[in-house]
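Next come the chains, spelled out residue by residue.
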Amino acid sequence: MKRYTAFFIIAFFAFAAGSLMAQGLTFSGLLDSRVLGNIGAGTGPDFSLGVETWANIRAQAKLREYAAIYSAVNLMAASGSIASAAEAMTALNPGIIPATAFVGGENYIAALELERLYFRVQGEILQLDAGLLRLPFGYSLAWGPSDFLNPRSPLLPDARPRGVLGASFAAYPLGDLKLLTFASAPRDPLSVEGEGFILGLGGENHWDKASVQGFYAFETPGGPYPLGRHRGGLSVKADLELGFVAEALYTWNPEAEESLKGLAAALGFDYSLVDGKLYLLAEYLYSGETSSTAENLRLTNRHYLSASALYSLNEYARLGLSCTAGLEDLSFSPVLSAEYEPFQGMTLNFSVRVPLDRELFSAGDPGELGPERTASSTLLTAKARLRF
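Residues numbered from 1 in each chain as written. Predicted model: local features only at pLDDT ≥ 70, side-chain atom pairs only at ≥ 80, totals over all residues. Heavy atoms only, no water.

**Quick notes on the overall build of the protein chain**
We count it as follows: Only runs of H or I of at least four residues qualify as helices and only runs of E of at least two qualify as strands under DSSP, and these elements are numbered from the N terminus. Each residue is placed in one exposure class: buried if its accessible area under a 1.4 Å probe, protein chains only, is under 20% of its type's maximum, exposed if it is over 50%, and partly exposed if it falls in between. Two residues qualify as a contact provided that any one of their heavy atoms is within 4.5 Å of a heavy atom in the partner residue. Every accessible area reported is derived by Shrake-Rupley at a probe size of 1.4 Å, with residue values counting cover from the shown protein chains alone.
The helix and strand inventory of the protein chain stands at 4 helices and 19 strands. Burial analysis of the protein chain (388 residues in total) assigns 40% to the buried set. Considering only residue pairs separated by 6 or more positions, the protein chain has 51% of its internal contacts joining residues 24 or more positions apart. Accessible surface, the protein chain: about 21,000 Å² in total, of which carbon and sulfur atoms supply 63%.

**Section: the layout of surface pockets**
Convention followed: Residues are said to line a cavity or pocket when one of their atoms sits within 4 Å of a point; the points come from a 1 Å grid over protein atoms alone, cavities being sets where a 1.4 Å probe fits but cannot get out and pockets being open sets with protein on both sides within 12 Å along at least five of seven lines. Grid points are joined across faces, edges and corners, and a volume is the space filled by probe spheres set on the points. Each residue is assigned to one class: nonpolar for Ala, Val, Leu, Ile, Met, Phe, Trp, Tyr, Cys and Pro, charged for Asp, Glu, Lys and Arg, and polar for all the others, Gly among them.
Of the voids in this model, the second largest pocket is the one considered here, and its volume is about 510 Å³. Taken together, 34 residues line the second largest pocket, and the ones lying closest to its centre are Arg120, Asp129, Leu133, Arg134 and Pro136. Here the residues of the lining of the second largest pocket are counted per class, giving 15 nonpolar, 11 polar and 8 charged.

**Brief notes about the nonpolar core**
In plain terms, the rule: Throughout this description, the term nonpolar core refers to a set of buried Ala, Val, Leu, Ile, Met, Phe, Trp, Tyr and Cys residues connected via side-chain atoms within 4.5 Å.
Within the largest apolar cluster, 16 residues are counted, with the highest numbers of intra-cluster contacts made by Leu135, Phe137, Phe148, Leu149, Phe182, Ile198 and Phe215. Those elements that place two or more of their residues in this core are strand E3 (67–80), strand E7 (164–171), strand E8 (178–184) and strand E10 (210–219). Apart from residues no more than four positions distant in its own chain, Leu135 is found in contact with Asp147, Leu149, Asn150, Val164, Ala167, Ser168, Phe182 and Ala183.

**Observations regarding a nonpolar patch on the surface**
Here is the rule: Surface patches are defined over residues having more than 30% relative accessible area and no salt bridge, joining like charges when they lie within 9 Å and nonpolar side chains (Val, Leu, Ile, Met, Phe, Trp, Tyr) when within 5 Å. Any carboxyl oxygen of Asp or Glu that lies within 4 Å of a side-chain nitrogen of Lys or Arg is treated as forming a salt bridge with it.
On the surface, Phe119, Val121, Ile125, Leu126, Leu128 and Phe169 cluster together into a nonpolar patch covering about 470 Å² of accessible area. Those elements giving two or more residues to the nonpolar patch turn out to be strand E5 (109–122) and strand E6 (126–133). As for its position among the elements, Ile125 is in the loop between E5 and E6. Classification of Ile125 by relative accessible area gives partly exposed; the value is 46%.

**Remarks on unusual backbone geometry**
For Asp275, which is not glycine, the phi torsion reads 55° and is therefore positive. Looking at where Asp275 falls in the secondary structure, it is placed in the loop between strand E13 (263–273) and strand E14 (278–287). For Asp275, a relative accessible area of 82% gives the class exposed.

**Let's talk about the packing of aromatic side chains**
The test is simple: A pair of aromatic rings is counted whenever rings of Phe, Tyr or Trp (Trp by its six-membered ring) have centres within 6.5 Å, and the orientation is called stacked for planes under 30 degrees apart, edge-to-face for over 60 and tilted otherwise. The rule for a charge over a ring is simple: NZ of Lys or CZ of Arg within 6 Å of the ring centre, and within 35 degrees of the ring normal.
Applying the stated rule across the entire model yields 7 aromatic pairs. Every member of this aromatic cluster is reached through a ring pair, and the members are Phe137, Phe148, Phe182 and Phe215. Taking the ring centre of Tyr225 as reference, the NZ or CZ of Arg229 above it sits at 4.1 Å.

**A closer look at the pattern of salt bridges**
Per the counting criterion, the structure on display carries 15 salt bridges. A salt bridge links Arg318 to Glu339; the shortest N-O distance between them is 2.9 Å. You can see Arg318 sitting in strand E16 (residues 317–326) and its partner Glu339 sitting in strand E17 (residues 331–343), a full 21 residues away along the chain. Taking relative accessible area as the criterion, Arg318 reaches 13% and is therefore assigned buried. On the basis of relative accessible area, Glu339 is assigned to the partly exposed category, the value being 26%. In the salt-bridge network here, residues are joined through shared partners; they are Arg187, Glu219, Arg229, Arg231 and Glu295.

**Observations regarding the pairing of E7**
Operational definition: Two strands are said to pair when DSSP picks up at least two bridges between them.
Note: E6 against E7, 8 bridges, orientation antiparallel. Along E7, the bridge assignment pairs Leu133 with Val164. By the bridge criterion, 6 bridges tie E7 to E8 in an arrangement that is antiparallel. Note on E8: the bridge partner recorded for Phe169 is Thr181. Following E7, the chain reverses through 6 residues before pairing antiparallel with E8; Gly175 in that reversal takes a positive phi of roughly 50°.

**Observations concerning the confidence of the model for the protein chain**
Worth spelling out the cut-off: pLDDT gives the predictor's per-residue confidence on a scale running from 0 to 100.
Residues with a pLDDT of 70 or more make up 90% of the protein chain, whose mean pLDDT is 89. Every residue in residues 94–100 scores below 50 in pLDDT, and together they form 14 contacts with partners more than four places removed in sequence or on other chains.

**Some remarks on the environment of Glu359**
Structurally, Glu359 can be placed in the loop between strand E18 (346–353) and helix H4 (371–374). With a relative accessible area of 31%, Glu359 lands in the partly exposed category. On a C-alpha basis, the gap between Glu359 and Glu372 in space is 8.9 Å, while along the polypeptide they are 13 residues apart.

**Regarding empty space enclosed by the protein**
On inspection of all chains with the given rule, the structure shows 1 cavity of 30 Å³ or more. Reported here for the largest cavity is a volume of approximately 40 Å³. Lining the largest cavity are Trp143, Gly144, Pro145, Asp147, Phe148, Pro151, Arg152, Ser292, Thr293, Asn296 and Leu297. Across the lining of the largest cavity, the residue classes break down as 5 nonpolar, 4 polar and 2 charged.

**Quick look at the side chain of Asp129**
Defined as follows: Nitrogen and oxygen atoms within 3.5 Å of one another constitute a polar contact, given that in protein one can donate a hydrogen and the other can accept it, and given that sequence-neighbouring residues count only through two side-chain atoms.
Within the secondary structure layout, Asp129 lies in strand E6. A polar atom in the side chain of Asp129 sits 2.8 Å from the side chain of Arg120. A polar contact is formed between the side chain of Asp129 and the side chain of Gln127, at a distance of 3.2 Å. Aside from chain neighbours lying at most four places away, what touches Asp129 is Tyr118, Phe119, Arg120, Gly166, Ala167 and Ser168.

Right under this line is the structure:
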């Protein structure tokens, strides 16, 4: 493992050194330090404690006026339950937390991950991006069913969407009209025969009060999909008195019977009131059995709701209440949070999550988001974030 860590450190600093000769080199990033305490449930320990320091460091180098290079690395040092969870998830599924490197110290494990590394060449109406980058789709604010290449979940609001090794070529022929072609490498990085590549095209347009985006993607045959897979997505948003969002992605396996199993769809709104001090968000998700959200987020039910409210007490302090609910099994994951900015660039956050389900009140089986399935009855988190 240590040799892989050394390799990525050398590669990153070699890239940074080379970029020093470019014009307009800039660095930015953020650093999180958090302590997590969990009162267990189900098969989890009665109590667990974890400590972590994590940083995302980004570099941007401009090459004249038409090109730029972007990079980002994640650095992590963890101990206790956070280190144990990272090791367990890596062992179970390297695609979730790739084992770039874990190095053990006397009271911590450390890891380094290359998160972004791509270039952009941009003209008046054309733009090419290629490398390790994010290819986002859809306007959804919570579930992101169309964002199948870079999945995200309201259960993990702080998680930075992962990148993919790919490319996109965009054209802006008329005003706010965007035409796009894109490609990404297979999910299995050891694939050598071309199976699992994703090729697609799409379009997007913006008006004063509305936007629409659509795309189609084909996944080349391989593995459990000898005829490949097809994906079609559509996302619409409208900014009226309320901000409305409707989004759907249908995944079709030619060998399977056509049904709603491949459909992931979201419908939601957001709204600000009390002179902008109170922000409300709610979004419903339908997640088919073989849909993008079931595959990427490992959801087992079909119907979900995510809702949140954020109230600004003043310029520096905010209170938040959010809840993700599984509507079929009536399981809930409510979170109460408080946030304070002692000075610009630093934020302190305290939160408590209390998973609930019908079994907790002796009225049914364990729910997907309940304490037994999540191995948690109360999760406390204290975090300090610094931006630079």
